[in-house]
Protein chains: 2
Amino acid sequence: MTAGDGNEFPMKKPGMRIALLVEYDGTDFSGFQIQKSDRSVQSVLEEAVFAVYGERRRIYGCSRTDAGVHARGHVSHVDVPFAIPEDRIPAALNTKLPEDVCVRSAKNVHSSFHARFDAAGKRYVYRIYNTGIRPCLERRIVTHVPGKLDTDRMREAAMLLVGTKDFTAFSARSEKDRTVSPIRTMRRVEVKKDLGSDTVEITVEGESFLYNMVRIMAGTLVYVGQGKIDVSDVAALFESRDRRKAGKTMPASGLTLEDVRYDPPIF
Amino acid sequence: MTAGDGNEFPMKKPGMRIALLVEYDGTDFSGFQIQKSDRSVQSVLEEAVFAVYGERRRIYGCSRTDAGVHARGHVSHVDVPFAIPEDRIPAALNTKLPEDVCVRSAKNVHSSFHARFDAAGKRYVYRIYNTGIRPCLERRIVTHVPGKLDTDRMREAAMLLVGTKDFTAFSARSEKDRTVSPIRTMRRVEVKKDLGSDTVEITVEGESFLYNMVRIMAGTLVYVGQGKIDVSDVAALFESRDRRKAGKTMPASGLTLEDVRYDPPIF
């Protein structure tokens, strides 16, 4: 049960619209969106807005992000009842926020701006700790894959994921769900491993994504890196439109929403 | 009250000596060394050794590290009652260790090897999150300094800290404590800030250190970066031998013991 567009906010209240650039450690959250009784990023942001502005206002996020997913540059908008100079807003809200969320920047935006509908693109990074030993200092923002991954093969496969394609096989939603088009455009899918580092970073940039799509793309690239499927199998996945032939959905812990692009840019 | 050489281990028990390369997130520890009733890295390591080897054995660490200080490459030695292939030791111990500690590597060493006395050098990094907004994803391993630091001046001052000198002014111990020589050799003190990053990293490499010395050196460089003291004041600190004229002791959270050097190398 979600309450994202719940009835407790019967009317959109007027006010100054502001956009918030938010960083959070998703480890101890049920996700971005308000869930009954669970701790969500949206709810702690709404509490902080209430504490600073004295009125309950709805926060509209650019994306919901699942439980455990992190963000370095999540964007929301909210209509606040009065103006605070935009450079003072982050500090005001941050004193009311728990240590695993912070507002990095705030901007006054036009009253027609919408964090979700106006988003022109998002960049995610999936971080894999790729060594026999489990992670420790980085444990909250990586996923552990012990066996050595063949990053050269992963890079080859990553190139096949770029472009405008039918990503049905990479979505957790049923193929029968026809309300959402499975055609998506990925501008960039890159696999990087720095010399001397144990972390493999998969960067995915696209206009919009299907449910669990980045985590399934990461899981498919991991399968390629482990030799469980071939690079050519990845090409065939688009034709098959069969979720069962793609890699598994990787754990949320490794995924971070790095930034959201707007045109013109806000932050 | 410390129990580092306590009476519960009346005799050094014979056995195979192994060295352990250990990573830990110091946030929730009272430090490396066993403290009555508090949670220490040493005690959780000794519990893991007991669980794997079936006997209580004393762990000897290369350094104590204070409460809240982290390590990516702390080294300990312990005499275990029987041999396990060294490449299997980390996994065996890691299943018995909490998520904020892990053994990255284990090596069989000569029975005369001592993690602390044989250490030929240590490298620490002090990480400062230098932006107006408090840290979030990195909050456990950095210290927040909001006002912009002048890293050029800090670099100038850092060069003055290199060499063999009387570091009395940089030690939390009283000048009257003559049991420990205040003369130390710093091989490298560097200030780095990557383009586009908000983190200033101070790297300090030396043979050995006085109590709180790295944190006071970091605090002194921060004072220089804030313009509270001049670069020339740093030179005068060595002459003055006056702790009160140096910078404050920076919080433990920003400090990480990155690695320990042995000659010949072990790991």
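The structure this text deals with has already been given above.
Residues numbered from 1 in each chain as written. Chains lettered and ligands numbered in written order. Predicted model: local features only at pLDDT ≥ 70, side-chain atom pairs only at ≥ 80, totals over all residues. Heavy atoms only, no water.

### What to know about the overall build of chain A
Inclusion rule: Secondary structure follows DSSP: runs of H or I at least 4 residues long count as helices, runs of E at least 2 residues long count as strands, and numbering of each begins at the N terminus. Radius of gyration here is computed from C-alpha atoms only, and the compact-globule reference equals 2.2 Å multiplied by the residue count raised to the power 0.38. Buried residues are those whose accessible area, probed at 1.4 Å on protein chains only, stays under 20% of the maximum for their type, while exposed residues exceed 50% and partly exposed ones sit between those limits. Two residues qualify as a contact provided that any one of their heavy atoms is within 4.5 Å of a heavy atom in the partner residue. Reported accessibility uses the Shrake-Rupley method at a 1.4 Å probe radius. Residues are deemed covered only where the shown protein chains occlude them. Charge convention: Lys and Arg are scored as positive, Asp and Glu as negative, and His as well as the terminal groups of each chain are ignored. To locate a charge, take atom NZ for lysine, CZ for arginine, CG for aspartate or CD for glutamate.
For chain A, the count of helices and strands is five helices and 10 strands. Over its C-alpha trace chain A gives a radius of gyration of 19 Å, about what one expects of a compact globule, namely 18 Å for 267 residues. The dimensions of chain A, computed from C-alpha atoms along their principal axes, are 55 × 45 × 35 Å. Here chain A, with 267 residues, has 54% of them falling under the buried criterion. Of all intrachain contacts in chain A linking residues separated by at least 6 positions in sequence, the fraction that spans at least 24 positions is 73%. With an accessible surface of roughly 12300 Å², chain A has 50% of that area assigned to carbon and sulfur atoms. Within chain A, the 36 negative side-chain charges are centred at a point lying 2 Å from the centre of the 41 positive side-chain charges.

### Overview of the relation of the copies chain B and chain A
Filter applied, for reference: C-alpha atoms of residues with pLDDT of at least 70 in both copies form the basis for the least-squares superposition of the copies.
Least-squares fitting of chain B to chain A yields an RMSD of 0.0 Å, with the superposition described by an axial translation of 0.0 Å and a rotation of 180°. Seen this way, the second copy is the image of the first under a two-fold rotation axis. Looking at the rotation axis and the C-alpha trace of chain B, the residue lying nearest is Glu138(B), at 4.6 Å.

### Looking at the state of the cysteines
Rules: Two cysteine sulfur atoms make up a disulfide if the distance between them is within 2.5 Å.
Enumeration over the complete set of coordinates arrives at zero disulfides over all chains. Lacking any disulfide linkage, Cys62(A) is separated from the closest cysteine sulfur, that of Cys136(B), by 15 Å. Here Cys136(A) is not cross-linked by a disulfide; its sulfur's nearest cysteine counterpart is in Cys102(B), at 4.9 Å. Under the relative-accessibility criterion, Cys136(A) is labelled buried at 0%.

### With respect to the nonpolar core
Convention followed: In these notes, a set of buried Ala, Val, Leu, Ile, Met, Phe, Trp, Tyr and Cys residues joined through side-chain atoms within 4.5 Å is what counts as a nonpolar core. Reported domain spans reflect what an automatic or database domain assignment gives.
In terms of nonpolar packing, the biggest core is built from 74 residues, with Leu20(B) and Phe170(B) touching the most fellow members. At eight residues, the largest contribution of residues to this core is made by helix 4 (residues 213-225) of chain B. No fewer than three residues from each of domain 1 (16-118) and domain 2 (121-259) of chain B sit in this core. Excluding residues within four positions of it along the chain, Leu20(B) makes contact with Ile59(B), His74(B), Val75(B), Ser76(B), Val78(B), Ile89(B), Leu93(B), Val103(B), Ser105(B), Ala106(B) and Phe267(B). In this structure, Ala71(A), Phe113(A), Phe170(A) and Met217(A) belong to the second largest nonpolar core, which totals 73 residues.

### Notes on the packing of helix 3 (residues 151-160) of chain A against helix 4 (residues 213-225) of chain A
Residues and elements named next belong to chain A. The condition that has to hold: For helices, the fitted axis covers only the stretch in contact; all axes are lines through C-alpha atoms, and the angles between them, taken along N-to-C directions, range from 0 to 180 degrees. For classification purposes, an angle smaller than 35 degrees is called roughly parallel, one larger than 145 roughly antiparallel, one from 65 to 115 roughly perpendicular, and anything else oblique. Here is the rule for handedness: rotate from the far helix to the near one, and if that takes an anticlockwise turn smaller than a right angle the crossing is left-handed, while a clockwise turn gives right-handed. In this classification, Asp, Glu, Lys and Arg are treated as charged, Ala, Val, Leu, Ile, Met, Phe, Trp, Tyr, Cys and Pro as nonpolar, and every other residue, Gly included, as polar.
Look at helix 3 against helix 4: their axes get within 8 Å of each other, and the N-to-C directions meet at 140°. Here helix 3 is positioned oblique relative to helix 4, judged by the angle of their axes. Helix 4 is crossed by helix 3, and the crossing has right-handed handedness. Across the interface between the two elements, Arg153, Met154, Ala157 and Ala158 from helix 3 touch Leu221, Val222, Val224 and Gly225 from helix 4. Looking at side-chain class alone, the contact of helix 3 with helix 4 contains six nonpolar, one polar and one charged residues.

### Observations concerning the pairing of strand 5 (residues 121-129) of chain B
All names here are of chain B. Just so we agree on the cut-off: Only when DSSP finds a minimum of two bridges between them are two strands counted as paired.
Counted residue by residue, strand 5 has eight buried out of nine residues, so it is predominantly covered. Examined bridge by bridge, strand 5 and strand 10 (residues 255-261) share six bridges and lie antiparallel to one another. Residue pairing in the sheet places Arg123 in a bridge with Asp259 of strand 10. Across eight bridges, the pairing between strand 5 and strand 9 (residues 199-206) is antiparallel. Of the residues in strand 9, the one forming a bridge with Tyr129 is Thr199.

### Re the packing of aromatic side chains
Operational definition: Any two rings among Phe, Tyr and Trp, with Trp reduced to its six-membered ring, count as a pair given centres within 6.5 Å; such a pair is stacked if its planes are under 30 degrees apart, edge-to-face if over 60, and tilted if neither. Our definition puts a charge over a ring when NZ of Lys or CZ of Arg is within 6 Å of the ring centre and also within 35 degrees of the ring normal.
Evaluation of the coordinates by the stated rule reveals 14 aromatic pairs over all chains. Pairing Tyr24(B) with Phe32(B) gives two aromatic rings, centres 6.4 Å apart and planes at 35°, and the pair type is tilted. Of the aromatic side chains, those joined through ring pairs into one cluster are Phe167(A), Phe170(A) and Phe238(A). The cationic tip of Arg39(B) hangs over the ring face of Phe29(B); the distance from NZ or CZ to the ring centre is 4.0 Å. For the cation-ring pair, Arg56(B) lies above Phe50(B), with the distance from its terminal atom to the ring centre recorded as 4.0 Å.

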